[in-house]
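# Summary of the model geometry
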Amino acid sequence: TKSGPKKTKAKTPDMATHVLETAMRLVAESGWRDLSLAAIADAAKLPLATVYPVYPSKQAILATLFRRIDRAVLEAEEPAARDGSARDRLFDMLMRRFDALTPYRPAIARIVGDQGRDPLAAVCGLARLAGSMACMLEAAGLSTTGVRGALRVKALSAAYLATLRVWLGDESQDLAATMAALD
């Protein structure tokens, strides 16, 4: 018998991106809290059996989104930016993060609003946030080890969350209000 072509792993990233983008569109349209993985799979026109191994939960979708945002921030770093103060380097990184999040702003707004009413999701989100902020600190040349590092992660997370609220409402091209809040 003749067997069909083997599926390669090269298809998985495309499918993963398609599911992630579909999920973010659905979240922007109808919210996060009541959205199911099955509904995301249906909207992506994929069987849940195909989606589940890649994204076993909605939290896995968010984890992938934020890893991609972390990577985009790190890849966009300009060598000259390493010459500034630690404060300037962190400011630059967080502004690049907001730039990278911009295509997902409507979904992020819904997620932030819905997680406020879902304590378990909020706890998961805070753990993910701490990882991302640790990545930003390390990329800025600041250690995240020990008590001092843990305090840095918490402080940067708090500054980021406070600025995120401003960013969600800042529709300007230059993100002036966001920059002012972060500064």
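Refer to the structure printed above.
Our subject in this report is the structure included herewith. (Residues numbered from 1 in each chain as written. Predicted model: local features only at pLDDT ≥ 70, side-chain atom pairs only at ≥ 80, totals over all residues. Heavy atoms only, no water.)

### Observations regarding the overall build of the protein
- Within the protein one finds nine helices and zero strands.
- When the elements of the protein are put in sequence order from the N terminus, they spell out α-α-α-α-α-α-α-α-α.
- The principal-axis extent of the C-alpha atoms belonging to the protein is close to 65 × 35 × 35 Å.
- Counted over contacts in the protein with a minimum sequence separation of 6, partners at least 24 positions apart contribute 66%.
- Roughly 10,400 Å² of accessible area belongs to the protein as shown, and the carbon and sulfur atoms make up 59% of that amount. (Helix = DSSP H or I, 4+ residues; strand = E, 2+ residues; numbered from the N terminus. Contact = heavy atoms within 4.5 Å. Areas by Shrake-Rupley, 256 points an atom, 1.4 Å probe, with all protein chains shown as cover.)

### Considerations on unusual backbone geometry
- We note that Lys45 has phi near 60°; this positive angle belongs to a residue other than glycine.
- Structurally, Lys45 can be placed in the loop between helix 2 (37-43) and helix 3 (48-51).
- One non-glycine residue with positive phi stands out, namely Leu175, at about 50°.
- Locating Leu175 in the fold gives a position in the loop between helix 8 (146-169) and helix 9 (176-182).

### Focus on the packing of aromatic side chains
- On inspection of all chains with the given rule, the structure shows two aromatic pairs.
- A centroid spacing of 5.2 Å and a plane angle of 10° characterise the contact between Phe98 and Tyr160, whose relative ring orientation is stacked. Separated by 62 residues along the polypeptide, Phe98 in helix 5 (residues 86-101) and Tyr160 in helix 8 bring together distant segments of the chain.
- Following the ring pairs from residue to residue traces out a cluster consisting of Phe98, Tyr160 and Trp167.
- For Lys58, the ring lying beneath its charged end belongs to Trp32, and the centroid distance is 4.6 Å. (Phe/Tyr/Trp six-rings, centres within 6.5 Å; stacked < 30°, edge-to-face > 60°. Lys NZ or Arg CZ within 6 Å of the ring centre and 35° of its normal.)

### A short note on the nonpolar core
- Counting 49 residues, the largest nonpolar core has Met24, Ile61 and Ile108 as the members making the most contacts within it.
- Every element with two or more residues in this core is listed here: helix 1 (11-30), helix 2, helix 4 (58-75), helix 5, helix 6 (105-115), helix 7 (119-139) and helix 8.
- When residues of this core are assigned to their parent elements, the largest contribution, eight residues, is made by helix 1.
- Setting aside residues no more than four positions away along its own chain, Ile61 makes contact with Val19, Leu20, Ala23, Met24, Leu37, Ile40 and Tyr55. (Core = buried A, V, L, I, M, F, W, Y, C linked by side-chain atoms within 4.5 Å. Buried < 20%, exposed > 50% of the residue type's maximum accessible area, 1.4 Å probe, protein only.)

### Quick look at helix 5
- Compared with the 22 Å implied by 1.5 Å per residue over 16 residues, the 22 Å span of helix 5 between its first and last C-alpha is a close match.
- Residues Arg89, Leu90, Met93, Leu94, Met95, Arg96, Arg97, Phe98 and Leu101 constitute the buried set of helix 5.
- Those residues of helix 5 hidden inside the fold are in contact with helix 4, helix 6, helix 7, helix 8 and helix 9. (Expected span 1.5 Å × (residues − 1).)

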